[in-house]
Every structure is written in C-alpha cells, then in structure tokens.
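# Observations on the three-dimensional arrangement
Residues per chain, in single letters:
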Amino acid sequence: MNCQWIQDNLSAYMDKELSEAKISAIREHVRNCTGCRTEYERMSQAWNVLNLWAEIEPRPDLRKKILHAVQEEKSSQWLQIMLPAAAVLLMAMSIYIYVGYFHARNDQDMAGQTEGTAVVTEHDLQNVNEDEIITHLELLRDKDFYDTLDTLEKIDYLPLVEEVMQNIEEEQRSSLECSLV
Amino acid sequence: MKKGIRIVFSMVFLLIASPYLQAEENGITKNRVLWKSMSQQERVRIIKMYRVWKTQPAESRRKIQQNYKTYHNLSHEERQKLKSRYNEYKRLDALHRKLIRERVKKMDQMFKDRRNMILERYGTMQKKPREEQIRMIKKSLFWKRLNEQEREIFKKLLFPQHEENKLQ
C-alpha cells in the first residue's frame, strides 16, 4: 500500500466506498505521511466547497426533453442509414430496368437481323413451343418483312396522294368561290 | 329422313373442308421438315424472332398474320416487287424509314372517300403501260416536291433496278 495507491483511493475513502479495513489503513497512512495528508487536506477543502453549493432540482420536463432529444437523434441516425440504402436501391432498380430494356432491344435487333450470329445454347432450344413455331415458321422466317408489308404496298399510292389532295382543295376552293358569287 | 339429311350435310362439309385441312396439314409437314433441316444457328434466330413476336401486342400480331396472308395471295410479280422494295427499304437509315412510314400513315388517316379516290386513280394508272406510269409519277406533284435525296430513295423503292434507265 504505497502513496500512489492511497492518493488514487482518497476520493473513494472520502465517499466511504471502501471496506472497513482499507478505510482504517488509509486513515493510519494519512496520519503518518505528510505528502498524502497534504493531498487529503486539499481534496477535503475542495469537497467542502462543493458542499456549499445549493442543490439544484432539475426541471420537471428535463427527463422528457432528454428522452425526446435521444429519440430525435435515433431517428436522424435511422435516416442516415436509410437514405443511402434507398439511393442504392434506386440505383439498383434503375440499372435493372436499363439492363432489361437494353436486353429487350438487343433481342429485337437480333431478331431483325437476317444473319444469325447468336451463340447456340441449349437453353434457347428448350422451353419453347416448337409446334407453334413450326406452324408459323414461314411467317417467323421473314417476320420483319411481313411486319412492313402494308407500308411497302402503300408506297405505290404515295405519288397520287398529293395530286388527289390538291384536286380536292381546288374543288373546294371553286365551290366556295361559286357560293360567294 | 333427318338422319339422312344430317349425313349428307356432314359429307358435304367434309368434302369442302378436307382440302383446306389437308393443305394446312401439308404446310405443317413441310414446315416440320424445314425446321428439322435448319442449322442450329438458324433455329436460334427463329426462336428469338418467335419470342419477339409473342411479346408483341395482339393487334400487331394480327396485322403481321394478315400481311402474311395478303402476300401469299399476290401474284408472283407483285411478290417480287415487294421483296425487292423491302430490300431497299431495309438499307435505308432509321430516319428515312420513319419518314416513309409517316407519309403512309398520313394516307391511312385520310377520309375514306379520299382514300378510295386514290385507289381508283391507282387502278386507272395500273392499266397504262409501265413507261406511261413512270412518266406520270415523274410529272406528279409528289415527285416535284421531293428533294434530291428523297428522289433517289423513291427511285429505288418505286422502280426496280431494270427500270431505272427509263427514268433518265
């Protein structure tokens, strides 16, 4: 039990937090050691000054305010976690949608191409209704052609459209002039 | 008596329907042979096409099927003409293809009587010799309003390769 230990435990000694044996040991040491006694007296003085302070009663709503502040802190922490998580989720969804769209476009482009450059996979040959494909095989072979056929047919009529439109306009104009006269 | 009439009707029905059913069955058999003889790459292409077709709206699918039937009812010359036109159309860039579709769409949106008038005039024009038809197109308002680039495009679409010199 040296001076260092005594000085470390002086605060606990003054608060009577130590066992009876330790208290009597410290008391005995302080009586005989000048350094430790000086430290003890300094601390006692400070203790006495503290005791002069009037005890302040906390405001009745203090507990409520502290709890509220803690809750706010908690909710802001929750936001701090959730906002980045939501941003990451949104980004992941955007990427998923973009990739899905790109994939669908790619599929269409591939289908539109006459030269098949696709890698043959077993998966491609499975899970399809082969009978339906066979029934519509000729159509599927030239799907893009049949898709545009009506447009291609109507190209023949285009040279006549503006002519007819102009004739109709002229007829309308002349009939309007007649009615005005 | 009733039974006899029923049998006669059934026989007549079968007599009329059987060639169609047979033709359809023959078509499927032919397609099946074709499918089996295709390379894997070609099959994958068809499957991809099928998947695209299946995801299209019912209306678009109906239109394609209708176009398919229309095409098979055309004469050999008409088919050739449309095939070569399609090859030219395919080579066009997206913008020009869109412009053509827009022009056609404009015609589709016209009143029925105006559309009928166009069809009627087209019928009349078709009766004339080809040289005369080309001359009429060249003199048309439509042709005059086209710019150089559009003219080049429509030249290829309206007049097959061998007719090009007639335009000079």
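Residues numbered from 1 in each chain as written. Chains lettered and ligands numbered in written order. Predicted model: local features only at pLDDT ≥ 70, side-chain atom pairs only at ≥ 80, totals over all residues.

## Some remarks on the overall build of chain B
Within chain B, the secondary structure is distributed over nine helices and zero strands. Shown N-terminal to C-terminal, the secondary structure of chain B runs as helices and strands in the order α-α-α-α-α-α-α-α-α. The buried share of chain B, taken over its 168 residues, is 15%. (Helix = DSSP H or I, 4+ residues; strand = E, 2+ residues; numbered from the N terminus. Buried ≥ 20, exposed ≤ 12 C-beta atoms within 10 Å, placed from the backbone.)

## Digging into the overall build of chain A
If you tally the helices and strands in chain A, you get 10 helices and zero strands. Its helices and strands in sequence order give chain A the pattern α-α-α-α-α-α-α-α-α-α, from N to C terminus. Buried residues in chain A amount to 13% of all 181 residues.

## Topic: the nonpolar core
The biggest cluster of nonpolar side chains holds 18 residues, and the ones touching the most others in it are Leu140, Tyr146 and Leu149 of chain A together with Met49 and Tyr50 of chain B. Contributing elements (two or more residues each) for this core: helix H8 (137-141) and helix H9 (143-154) of chain A together with helix H2 (40-55), helix H3 (58-72) and helix H4 (76-91) of chain B. Among the elements that take part in this core, H2 of chain B stands out by supplying seven residues, more than any other. (Core = buried A, V, L, I, M, F, W, Y, C linked by C-beta atoms within 7 Å.)

## Things to note about the interface of chain A and chain B
Listed per partner, the contact involves 41 residues of chain A and 47 residues of chain B. Taken together, the elements giving at least two residues each to the side of chain A that touches chain B come down to helix H5 (62-112), helix H6 (122-125), helix H7 (130-135), H8, H9 and helix H10 (158-180) of chain A. Counted by class, the side of chain A that touches chain B contains 23 nonpolar, six polar and 12 charged residues. (Contact = placed C-beta atoms within 7 Å. Nonpolar A, V, L, I, M, F, W, Y, C, P; charged D, E, K, R; others polar.)

## Notes on the environment of alanine 12 of chain A
Residues and elements named next belong to chain A. For alanine 12, the position within the fold is in helix H2 (residues 10-14). Judged by local crowding, alanine 12 falls into the partly exposed class, with 13 C-beta atoms found within 10 Å. Taking C-alpha positions, alanine 12 is 9.3 Å from isoleucine 23, a pair spaced 11 residues apart along the chain. Discounting residues that sit within four places of it in the chain, alanine 12 has contacts with Glu17 and Leu18.

## Concerning the packing of H9 of chain A against H3 of chain B
Running from N to C, H9 of chain A and H3 of chain B point in directions that differ by 85°, and their axes come no closer than 8 Å. Comparing their axes, H3 of chain B and H9 of chain A come out roughly perpendicular. On H3 of chain B, the residues that touch Lys143, Tyr146, Asp147, Leu149 and Asp150 of chain A of H9 of chain A are Ile64, Asn67, Tyr68, Thr70 and Tyr71 of chain B. Considering only residue class, the contact of H9 of chain A with H3 of chain B consists of five nonpolar, two polar and three charged. (Axes fitted to C-alpha atoms, helices over the stretch in contact; angles between N-to-C directions. Parallel < 35°, antiparallel > 145°, perpendicular 65-115°, else oblique.)

## With respect to the confidence of the model for chain B
Scored by pLDDT, chain B comes out at a mean of 85, with 88% of its residues at no less than 70. Under the prediction, the complex receives an ipTM of 0.79, its pTM being 0.55. (pLDDT = per-residue confidence, 0-100.)

## Some remarks on unusual backbone geometry
Here the phi dihedral of lysine 16 of chain A falls at roughly 60°; this positive angle occurs in a residue that is not glycine. Locating lysine 16 of chain A in the fold gives a position in the loop between H2 and helix H3 (20-32).

## Some details on the confidence of the model for chain A
Residues and elements named next belong to chain A. Here chain A shows a mean pLDDT of 81. Residues at 70 or above account for 85%. For chain A, the element scoring lowest by mean pLDDT is H6, at 63; H9 scores highest, at 92. For residues 110-118, every residue scores under 50 in pLDDT, and the model assigns this stretch 14 contacts once sequence neighbours within four places are set aside.

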